[in-house]
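# Structural features, examined
Okay, here's what each chain looks like letter by letter:
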Amino acid sequence: MTATDPRTTTIPMTGHRITDPDLFSWIQEIGALTQPDQIYVCDGSQEEYERFAAELVEAGTFIKLNETKRPGSYLARSEPSDVARVESRTFIASEKEIDAGPTNNWAEPTALREELRGVFAGAMRGRTMYVVPFSMGPVGGPISRVGVELTDSPYVVASMRIMTRMGAAALEQIDRGADWVPAVHSVGYPLVQADGASRPDVAWPCSDTKYIVQFPETREIWSYGSGYGGNALLGKKCYALRIASVLGRDEGWMAEHMLVLKITGPDERVYHLAAAFPSACGKTNLAMLRPTIPGWKVETIGDDIAWMRPGDDGRLYAINPEAGFFGVAPGTGETTNPTAIAALDRDVIFTNVALTDDGDVWWEGLTDEVPAHLTDWQGNDWTPDAGRPAAHPNSRFTVRADQAPSIAPEWEDLGGVPIDVILFGGRRATNVPLVAESYDWEHGVFIGATVSSEQTAAAEGAVGALRRDPFAMLPFCGYNMADYWGHWLEMGEKLGDKAPRIFQVNWFRKGSDGTYLWPGFGENSRVLEWALRRVNGEVGAVDAATGRLPRTEDLNLEGLEVTESELAELFAIDPASWSAEADLTEEYFGQFGSRLPDAMTDQLAQLRERLAN
Ligand code: GTP
Ligand code: SPV
Ligand code: MN
């Protein structure tokens, strides 16, 4: 590393030569703006990762976990104010407000750019600016894309190394002329202030002022003030969803908040399934599902994001653009997700979970037995009678995807895997049945567009509040949501009879006693089996108002303790509540004005017609 005088015009580079002139001048420009002490170009090597980890331990950001119990693993504790995505400070700065649409925070790009220049000026004083080249998707793949994050957070660098293909190989793509997305990130805690006064660093530097900004036309990302998850690991939501959704619209493909899994049936036939559920609603769990029904096997392709495009054979192919899992810890246990537990046995970064007295980790739901004493996510003593959770509800693990024993051999196939089935789901205590098949693609798009879900701890806001989360993309769509529905309709036309079949699912319906009616987790395999038997034309269905429901005799319930009345409750469709929901949908659609595709209005009319009959 070489010290840089911010007044000099050339920035000393370490390790690698940056040959791309645009990249070189951009690094210089951001260096001049943010004024770091030094600039470091990451090569992405294991040696480099270990060096950063050691530095993070030294700085107090990482606590090294018990090397015997959890080799190569660390615990980070964030500031209590920086624990989740901040949707209220996430902006789509499109030239026209209408192109961001009513579900996004829009900001006028010229004014916001000016504002950001002020915010970022001197933001990295006293720190190192890391240059983090990364590829979303296997390096060099036809669906893959590269980007460069400039960040002053070594925690972000270490996390990006797990979550993306980071380092020299990605940089080489840029040197060879690949288009790349620039992404600037600062925690917003300079160690030298404007007046020259120094202050010591803290374990989790961040700022009360936060900005997570996407410029869709110029395909740029600027993030300030947070070090946490999707706010700071800019390859994930900012690039792979918000910017990529715009790229997909323009280029005829799709960037989705979806897991992708491979499922093999008893007859050895292989299928692939993609599923969109809102944040913390079960994507990781489903991606790693262990079927409870004999003969079925699930393997993981991805747990959060899918990039999908039509292949030469006209089918829809999906890749997982990520290289790791940033998964919700609470609720992940030996009974609920044994595969994730196995993936977490080494080389993990945990954030905001509790620490056991022997230097291991714990969170609510990891074990049935609660430890008698812990250090909670804020570093305080904790006992079971504390009256507060030991781990933050949005505490997470960061781990390489190939550490999951369920990882599919083809998870890095450059061309992706062909998708047979798409699921849409959310957390719905009422109304939405366990599973229903859409009547056709257009009806499937309507189902996706009208998803509501109870809010989780993955973003700031009221946990449990029911909100619309169309396609699980509410916080992640980089353009007007109605145009996005239009794009889905267009893709359906392009795919024709090769389009995946679309289903709605809900694992979260509750009975009158307030408990879940469906056991969920591994038992969800029963629902997947039904969907695939529908795809194969092996079973009929009952046409209902909201979609096609399973005939009871077709649902494999062997070995499951669900009573007939519970089953009836799981599939009940109450016309009055659905009419009320249809009224709310009309109101919801109203805000999109003329951008709303006519097909969505037609679908609503058809739903009402079916409800009336
Ligand atoms: P993001 O990473 O935030 O996008 O979320 P995700 O959809 O991957 O969430 P994840 O799979 O980590 O789910 C988190 C929560 O859902 C955990 O608390 C799980 O216990 C719960 N969950 C997952 N599957 C089921 C299920 O089938 N039934 C029930 N009741 N809960 C489930
Ligand atoms: C989500 O909130 O949907 C996540 C976690 O996957 S984060 O990366 O923080 O956005
Ligand atoms: Mn997610």
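Our subject is the structure that appears above.
Here's a quick rundown of the structure. All of these numbers come straight from a predicted model, not from anything done at the bench. (Residues numbered from 1 in each chain as written. Chains lettered and ligands numbered in written order. Predicted model: local features only at pLDDT ≥ 70, side-chain atom pairs only at ≥ 80, totals over all residues. Heavy atoms only, no water.)

### Quick word on the packing of aromatic side chains
Tallied over the full model, the rule gives 32 aromatic pairs. Their ring planes at 80° and their centres at 6.2 Å tell us that Phe277 and Trp507 sit as a pair that is edge-to-face. You can see Phe277 sitting in the loop between β14 (270-276) and α9 (283-287) and its partner Trp507 sitting in the loop between β30 (501-505) and α13 (525-535), a full 230 residues away along the chain. Residue Phe277 shares its accessibility class with Trp507, and that shared class is buried. Measuring from centroid to centroid gives 5.1 Å for Phe471 and Tyr484, while their planes differ by 90°, and the two rings are edge-to-face. With a gap of 13 residues between them, Phe471 in the loop between β29 (466-468) and α12 (481-495) and Tyr484 in helix α12 connect regions that are remote in the sequence. An aromatic cluster is present here, built from Phe62, Tyr74, Tyr155, Trp204, Tyr228 and Phe326 joined pairwise through their rings. (Phe/Tyr/Trp six-rings, centres within 6.5 Å; stacked < 30°, edge-to-face > 60°. Helix = DSSP H or I, 4+ residues; strand = E, 2+ residues; numbered from the N terminus. Buried < 20%, exposed > 50% of the residue type's maximum accessible area, 1.4 Å probe, protein only.)

### Considerations on the site of ligand 2
Around ligand 2, the neighbouring residues are Arg85, Gly229, Gly230, Lys236, Lys237, His257, Ser279, Asp304, Phe326, Arg396, Ala458 and Phe476. Measuring from an oxygen atom of ligand 2, one finds a side-chain N or O atom of Lys237 at 3.0 Å. When ligand 2 sits alone it has 280 Å² of accessible area, and the protein chains cover 98% of it. Elements with a contribution of two residues or more to the shell around ligand 2: α7 (229-232) and α8 (235-251). In the shell around ligand 2, the residues fall into 3 nonpolar, 4 polar and 5 charged. (Near = heavy atom within 4 Å. Polar contact = N/O pair within 3.5 Å; in protein donor to acceptor, adjacent residues only side chain to side chain. Areas by Shrake-Rupley, 256 points an atom, 1.4 Å probe, with all protein chains shown as cover. Nonpolar A, V, L, I, M, F, W, Y, C, P; charged D, E, K, R; others polar.)

### Remarks on the site of ligand 1
Ligand 1 sits among 23 residues. The nearest are Ala280, Lys283, Thr284, Arg396 and Phe521. At a separation of 2.7 Å, an oxygen atom of ligand 1 approaches a polar backbone atom of Lys283. Starting from 670 Å² of accessible surface for ligand 1 in isolation, the protein chains cover 92%. No other element matches α9, which puts 3 residues into the shell around ligand 1. In terms of residue class, the shell around ligand 1 is built from 10 nonpolar, 8 polar and 5 charged. Taken together, domain 2 (255-321 + 410-573) and domain 3 (325-403) each give at least three residues to the shell around ligand 1, which thus spans both. (Domains from an automatic or database assignment.)

### Quick notes on empty space enclosed by the protein
Summed over all chains, the structure comprises 2 cavities of 30 Å³ or more. Within this model, the largest cavity holds a volume of roughly 200 Å³. Along its surface, the largest cavity is lined by 19 residues, and Ile447, Thr450, Gln504, Trp578 and Glu581 are the ones closest to its centre. Mapped onto the lining of the largest cavity, the elements with two or more residues apiece are α11 (441-449), β30 and α15 (575-590). Per-class residue counts for the lining of the largest cavity are 8 nonpolar, 8 polar and 3 charged. Empty space within the second largest cavity amounts to approximately 90 Å³. (1 Å grid on protein atoms, 1.4 Å probe; cavity = no way out; pocket = protein on both sides within 12 Å on 5 of 7 lines; lining within 4 Å. Points joined across faces, edges and corners; volume = space filled by probe spheres on them.)

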